[in-house]
Structures are given as structure tokens and as C-alpha cells.
Amino acid sequence: MKKSIGLIVFTVLLLVCTACSSSTGGQKAKDGKKELKVWVHVPAEEQEGKNYDERAKEFEEKHKDVKVTVEHIVKTGEGSGYNDRLNAAITTGDLPDIITLESVYAASYADSELLLPLNEHLDQGTIDSYLDTIVEAGSVGDNLYALQSFDLSSPVFYNVDLFKKAGIDIPADENGHWTLDQAWSFEEFLSNTEKLKKYMKEEPVHMFPDNSGWQMYAHSPLIFSNGGKLVGDDGLETKGYLDSEETIGAFKFMETLFRKGYVSPTARENAFALEKAAISFEGPWMIDVFKKDYPDLNWSLMPYPYGKKGEQSAPHGSWYVAATNNTEYPDLAAELVAHMTNKESAKAMEEASGLIPGHKELLESSKLYNEYPRKLMLDQLVETNHVKPKSPIFPVLEDVLGDIVEGIALENGSVEDLVDDAIEKADRESARFK
């Protein structure tokens, strides 16, 4: 979830794109078939890439008069490669029929009328088969623009051995599992990290303090769990939200983590894996890494801490599949989006990568997500608040949140001053849309 689109470039391109009308999508293939062009951000050899190719072949078999061309434009570094190509196509109006995009950018694309409303071309039964969180993440206003066959929710990892040695009582239900309703409050989190620090003699919590999209994905839930917001319902106004008592309170919690020496102001590579940290905010993909590369590491998962009872939140979201308004075949394009994110794709991604299947009926039969500790990720996904802003200036909000967290870590000013600077920066961009 690294920050993937250059802030100024992204905003300018979205403003320019509405004036462009040429079409790459919806061409006729040489054999006279209707051609649907698909751009994806993952390599063909990865499971997600294989899924897209397999679904495309199935779609062709179902529709003999259709040719589906999938082009793998690999995302590199902080999202360059794929996003560079996508941005260039936006400027010239040469978008293909289908694209992949980070779900959090759906509002930016939809605001510039780049995306096809899927709900106008898919039956309600098809839409209802997906998890509510997926439909919600892919929707803007009354329209659904993007779907995916899987979802994920990042947990908080903890080292069982270090907890016990530091004298921390690990919460557990009658089956010995740390459940969502036993999550620590901010105060409990700070109290127990103090115990860990005294035992370990070093920073016990691993977080990434640098300015990147990871802040929005992994650390914004700390704001939401305190009842805070980054922007108003209009997606543009940050004053009164980014500087609200609740949001400032969450930033103060993060500030305490750094000032008390619970978190390092600079990233420590493999700190949790090497038992240099007892708590780590990392992605769920690390589960397989720890199992394979660090078999002796005694880890488990804990719920995200919360600021206010009843306001629990946790990360979720991934790259989604969407149809563009450039397509000449909207019904086929929408159907292809649904086919590329269908139940077979969900099963394959769960088996290969351990991702949460994105269709309701599959969760009932999922062994992987009906057993702890992974069940905790499912509970976080289904039962906590997900209030990441749906805003045409989302890239700006992502950037200023990174500025604030990085500023806190490096002591570049008070929380209040950092927030004021962020509001000023966001206001300059939001003025374009007012």
C-alpha cells in the first residue's frame, strides 16, 4: 500500500482527463471479434496475475465473439511503472476497457468521470454476493465502480515469548484466543509497552514512520478508532476534522509512542522477525514470511488498539478491478469485471496467498478464516469501522497524513502545528474542486 501516484501529477491528470475523448478500449480485433483490453499491475507469474489471465480465457470461452487482451504492466517502487502508464493514458484519453486501481482512489477517478458505474450493468444478485466491505470500498455515492475477489485486514503481530517474559497478561477467551472484544485501549497499550521496554531495553513497537501510503492504510485506523476524521463528508473540507479533538488525540497517542521511546523514529528492518520488537504493525502477507523464514518465532495476532470504546477500526482494502468509460461495450466490460473477481478467483487467492475470500458464501466454508489467529483478521474486517475518506483529493490526504506522522516521529514541530500545515496544504488542493 505504498503511496503510488505523484500528488501534483495525479491531480492535474484527473482535471485534464475529462477533456479527453479518444478510446483505446472497445476496439475490433483483427478477426472481427470485440476486443476488451485489460491493464493489471501485477506480473503474470504471480497468483493474482495468473487469476486475471485464467478468468480472461474463461470469458472468451463463454463469449465466442469476444477477445480479451490482458497486459501486465508491473507496479514498481512506489507505484511507478503501472501508474506512469495509467496517468499517461488518462491525459490522452487512451484508457483500456478494464483497469486495476487502489480502492482508495475510486473517488478521485469517479469524480473525473473515468469509471463505469457497474451497478447500471450488473444484476443486484451478483453485487450482493460480495462482502459488504468490498462493495462499500468500491462505491462512491450511489454507484459501484470497482470490485475485487478478496480483501485483507492487517493485524498487529505480537511476540508471545516476549510478552510472557515482560509479565504481560495476554487477554484470552475460554478457548485461549485474543478476541476483538478484548482489544487494548490506548491507555492499556501504552501501559503494556512500558513493561516491554523495561524488559527489552529497546523500542518494543515496530511501526513505519516514513511518509508513505502505509500511514493511511495501517495507521489511520488509530485516528478512526478515536472517533476522528481526516475530512468532512464532502471529501474536501479538512478544517474541523483533521484538527478535531478526536483526531488530535490520536496523533498525541502516536506522539507518546515516539517520545517515550516505544517506537523508533526510523524504520528498523526485520525488527519483529529478529525479536528486536515485541509488537509490529505489518501486513498480513508477513504471516507466510514468518512461517517460512522464521519458523522459531513464537508470534500471534492481537486486535488494533482503540481510543474510544465502540469506535474500533482496522486496515482493509487492496487493488480493485474497474471498467472505464472509454469502453464501447459497457455491458461486457462490467460482466468481465465481475468474472475477473468471481468466486473461483477468490478461492485461488485464499489457497495461494491466504487472502480473505471476497464472497459471502465462501467465508462460511473457509477453514483458514474460521480458526484463530487468522479469524481475528476476518473479525476486524467485518466488525470494525472503515471510514477511510472517499475524496477526490485522497492523494493529498494520504500525503499530508504521512507528513504529520513523519513530523511527529522526527520532532519537526508540535502536533498542532503539523496539523495546521497539513490543513493549509489540503485546502490549496481542495480549492480546485470547489
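Each value, and the rule that gives it
Residues numbered from 1 in each chain as written. Predicted model: local features only at pLDDT ≥ 70, side-chain atom pairs only at ≥ 80, totals over all residues. Heavy atoms only, no water. Helix = DSSP H or I, 4+ residues; strand = E, 2+ residues; numbered from the N terminus. Rg over C-alpha atoms; globule rule 2.2 N^0.38 Å. Contact = heavy atoms within 4.5 Å. Areas by Shrake-Rupley, 256 points an atom, 1.4 Å probe, with all protein chains shown as cover. Lys, Arg positive; Asp, Glu negative; His and termini not counted. Charge placed at Lys NZ, Arg CZ, Asp CG, Glu CD. Pairing = 2+ DSSP bridges. Right-handed = clockwise from strand over helix to strand, strands pointing away. Phe/Tyr/Trp six-rings, centres within 6.5 Å; stacked < 30°, edge-to-face > 60°. Buried < 20%, exposed > 50% of the residue type's maximum accessible area, 1.4 Å probe, protein only. Lys NZ or Arg CZ within 6 Å of the ring centre and 35° of its normal. Core = buried A, V, L, I, M, F, W, Y, C linked by side-chain atoms within 4.5 Å. Polar contact = N/O pair within 3.5 Å; in protein donor to acceptor, adjacent residues only side chain to side chain. Axes fitted to C-alpha atoms, helices over the stretch in contact; angles between N-to-C directions. Parallel < 35°, antiparallel > 145°, perpendicular 65-115°, else oblique. Left-handed = near helix turned anticlockwise from the far one by under 90°. Nonpolar A, V, L, I, M, F, W, Y, C, P; charged D, E, K, R; others polar. Expected span 1.5 Å × (residues − 1).

Visitor: What exactly am I supposed to notice about the overall build of the chain here?
Guide: Scanning the chain from N- to C-terminus turns up 17 helices and 14 strands. Taking 2.2 N^0.38 as the reference for a compact globule, 434 residues should give roughly 22 Å; the C-alpha atoms of the chain span a radius of gyration of 22 Å, in line with that estimate. Dimensions of the chain along its principal axes, counting C-alpha atoms only, are 70 × 50 × 35 Å. Considering only contacts within the chain whose residues lie at least 6 apart along the sequence, 77% involve residues at least 24 apart. Of the roughly 17500 Å² of accessible surface on the chain, a fraction of 47% belongs to carbon and sulfur atoms. Of the charged side chains in the chain, 44 are positive and 74 negative, and the gap between their average positions amounts to 3 Å.

Visitor: Can you walk me through the pairing of strand 3 (residues 66-72) in this structure?
Guide: Remember that side chains alternate between the two faces of the sheet whenever the strand is regular. Judged from the seven bridges that link them, strand 2 (residues 34-40) and strand 3 form a sheet pairing that is parallel. When the sheet's bridge partners are listed, Glu35 is paired in strand 3 with Lys67. Handedness of the β-α-β unit built from strand 2, helix 2 (residues 47-62) and strand 3 comes out right-handed.

Visitor: Just checking my understanding: could you explain the packing of aromatic side chains for this structure?
Guide: Each aromatic ring pair is specified by the distance between its two centres and by the angle formed by the two planes. Counted according to the given criterion, the structure contains 20 aromatic pairs. Pairing Tyr158 with Phe163 gives two aromatic rings, centres 4.8 Å apart and planes at 40°, and the pair type is tilted. One exposure class covers both Tyr158 and Phe163, and it is buried. Consider the rings of Phe290 and Trp299, whose centres lie 6.5 Å apart with planes at 50°: the pair is tilted. By relative accessible area, which is 1% here, Phe290 ends up buried. Overall, the relative accessible area of 16% leaves Trp299 in the buried class. The structure contains a cluster of three or more aromatic residues connected by ring pairs, namely Tyr158, Phe163, Trp178, Trp184, Phe186, Phe189, Phe253, Phe281 and Tyr304. Between the NZ or CZ atom of Arg85 and the centre of the ring of Trp39, over which it lies, the distance is 4.5 Å.

Visitor: Explain the environment of Phe281 to me, please; I cannot follow it from the model alone.
Guide: Mapped onto the elements of the fold, Phe281 is located in strand 11 (residues 279-281). If we skip the residues at most four places from it in the chain, Phe281 touches Val156, Phe189, Val205, His206, Met207, Phe208, Trp214, His219, Tyr304 and Pro305.

Visitor: In this structure, what is going on with the nonpolar core? I would like to understand it.
Guide: Side chains that are nonpolar tend, in soluble globular proteins, to be buried together. Core analysis: the biggest nonpolar cluster contains 129 residues, and Ile98, Tyr109, Phe163, Phe189, Phe251, Ile279 and Met302 have the highest contact counts within it. If you tally residues by element for this core, the top one is helix 16 (residues 394-409), at nine residues. Leaving out residues up to four positions away in the same chain, Phe251 has contacts with Ile223, Leu242, Leu401, Ile404, Ile408, Val415 and Val419.

Visitor: Sorry if this is basic, but what is going on with the side chain of Ser313 here?
Guide: When you line up the elements, Ser313 lands in the loop between strand 12 (299-302) and strand 13 (319-323). By relative accessible area, Ser313 is classed as buried at 2%.

Visitor: Is there a simple way to think about the side chain of Gln148 in this case?
Guide: For Gln148, the position within the fold is in the loop between strand 7 (146-147) and strand 8 (150-151). Residue class for Gln148 comes out buried when judged on its relative accessible area of 0%. A distance of 3.2 Å separates polar atoms of two side chains, one belonging to Gln148 and the other to Tyr52. In this structure the side chain of Gln148 is engaged in a polar contact, spanning 2.7 Å, whose partner is the backbone oxygen of Trp319. Filtering out sequence-adjacent residues up to four positions away, Gln148 remains in contact with Glu48, Tyr52, Tyr130, Ile134, Ser318, Trp319, Tyr320, Val321 and Thr341.

Visitor: Sorry, what's going on with the packing of helix 10 (residues 245-259) against helix 17 (residues 415-430) here?
Guide: A pair of packed helices is captured by two measures, namely the crossing angle of their axes and the spacing between those axes. Interhelical geometry of helix 10 versus helix 17 gives an angle of 125° and a closest axis separation of 10 Å. Accordingly, the angle class assigned to the pair helix 10 and helix 17 is oblique. Seen along the crossing, helix 10 lies across helix 17 with a hand that is right-handed. Counting all contacts with helix 10, which are made through Ile248, Phe251, Lys252 and Glu255, the residues of helix 17 involved are Val415, Glu416 and Val419. The residue inventory of the contact of helix 10 with helix 17, partitioned by class, reads four nonpolar, no polar and three charged.

Visitor: For this particular structure, what's the right way to read the sheet that holds strand 9 (residues 156-159)?
Guide: Within a beta sheet, neighbouring strands are joined by backbone hydrogen bonds and run either parallel or antiparallel to one another. A sheet is described by the order of its strands in space; here four strands give the open sequence 10-11-9-12, paired in mixed fashion. Two strands lie at the open edges of the sheet, namely strand 10 (205-206) and strand 12, each paired on one side alone. One ladder, built from four bridges, connects strand 9 with strand 12; its direction is antiparallel. Each residue of the ladder has a partner; that of Val156, found in strand 12, is Met302. This element, helix 11 (residues 286-293), spans strand 9 and strand 12 of the sheet and lies at about 165° to strand 12.

Visitor: I keep staring at helix 10 and nothing clicks. Help me out?
Guide: The α-helix winds at 3.6 residues per turn, so residues separated by three or four positions along the chain end up facing the same way. The end-to-end C-alpha separation of helix 10 is 20 Å, in line with the 21 Å expected for 15 residues at 1.5 Å each. Those residues of helix 10 lying buried are Thr247, Ile248, Ala250, Phe251, Phe253, Met254, Glu255, Leu257 and Phe258.

The values are spatial; any link to function lies outside them.
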